[in-house]
Amino acid sequence: MIVLAIDTAGTGCFAAVYDSGNDMVLASAGADIGRGHAEQLMGFIDEALAACGKVLADIDRIAVTVGPGSFTGIRVGVAAARGFSLALGVPAVGVTTLAAIAESARETHPGRAILATIDAKRDELYCQSFEADGRPRSEALMLEIPEAQRLFADFDGLICGTATRHLKDNPPENTAQTDLTDIRLVARLGAIADPSRGKPSPLYLRGPDVKSQAGFAVARA
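Computed from a predicted model, the values in this text were never measured in an experiment.

Calculation notes
- Residues numbered from 1 in each chain as written.
- Predicted model: local features only at pLDDT ≥ 70, side-chain atom pairs only at ≥ 80, totals over all residues.
- Heavy atoms only, no water.
- Pairing = 2+ DSSP bridges.
- Helix = DSSP H or I, 4+ residues; strand = E, 2+ residues; numbered from the N terminus.
- Axes fitted to C-alpha atoms, helices over the stretch in contact; angles between N-to-C directions.
- Contact = heavy atoms within 4.5 Å.
- Buried < 20%, exposed > 50% of the residue type's maximum accessible area, 1.4 Å probe, protein only.
- Right-handed = clockwise from strand over helix to strand, strands pointing away.

A.B. asks: How would you summarise the sheet that holds strand 2 (residues 12-19) if you had to cite specific residues and measurements?
C.D. replies: Overall, mixed pairing links the five strands, which are arranged 3-2-1-4-5 in an open sheet. Since the sheet does not close on itself, it has two edges, and those belong to strand 3 (24-32) and strand 5 (92-95), each with one partner. Neighbour-to-neighbour, the strand axes of this sheet turn through a mean angle of 15°, independent of strand direction. For strand 2 and strand 3, the ladder comprises eight bridges, and the chain directions are antiparallel. Residue Cys 13 lies in a different strand from strand 3, and its bridge partner there is Ala 31. Lying over the sheet, helix 2 (residues 71-88) contacts strand 1 (2-7), strand 4 (61-65) and strand 5, oriented at roughly 170° with respect to strand 4.

Right, dumping it as structure tokens:
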């Protein structure tokens, strides 16, 4: 399967063409642009396709990050993914940034449960725990820092992501501490996602009483 992966959930704007049969990114393009995702995304997609000699007609699936992250950026990526899906007649699937963080940690620390975190600012965190095999252990939540510290005080796995410092005094090396999402892992997770769960769409987390739906994560202004 050839997957076109798109990430606009943070300050980065990236596209990649991925061959799931060989677990290989054929080409990727993008940059940490801060803003202007709508203006630059299509150019990066064209660049990635040209670099590996593919055209849109070769794409079998679209994968897109759906958050947590930049509300505006996520809308740009999701709209593009839905448009390509409709025009090409191929499925589009959503990949959460929390799942991508957890997948990155699983690569360097196999066999461990993972708590993926993102600093949501305003003294709040996005958190989700995953089993060692990548299956979600908990729902994705937005929590105030003291509540997150209470809920995950006895977490028995690896804590990673940009909010790790709020939950662990000495974060381990080689765990995801960056705001940028690994587009390779977005593609890989998109290839194994279930397209029957519906079109990718941002989910807005407002607190621990709001449960995630269809595997899609939250965007926040």
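After that view, the rundown keeps rolling.
A.B. asks: I'd love a proper account of the pairing of strand 5, names of residues and values included.
C.D. replies: Going residue by residue along strand 5, you find Ala 92 and Gly 94 tucked away on one face and Val 93 and Val 95 tucked away on the opposite face as well. Both strand 4 and strand 5 contribute to a ladder of four bridges, which runs parallel. Counted as the bridge partner of Ile 62 is Ala 92 from strand 5. Note that the unit made of strand 4, helix 2 and strand 5 has a crossover that is right-handed.

A.B. asks: Outline the pairing of strand 7 (residues 124-130), listing residues and values.
C.D. replies: Within strand 7, seven of the seven residues are buried, leaving the element largely enclosed by the surrounding structure. Burial of strand 7 is two-sided: the residues Glu 124, Tyr 126, Gln 128 and Phe 130 facing one way and the residues Leu 125, Cys 127 and Ser 129 facing the other way are all buried. When strand 6 (residues 114-119) meets strand 7, the two strands line up antiparallel, connected through six bridges. Considered in strand 7, the bridge of Thr 117 is made with Cys 127. The turn linking strand 6 back onto strand 7 is made up of four residues, and Lys 121 within it adopts a positive phi angle of 65°. Taken together, the four bridges between strand 7 and strand 8 (residues 141-144) define a ladder with antiparallel strand orientation. Bridging from a neighbouring strand, Tyr 126 pairs with Met 142 of strand 8.

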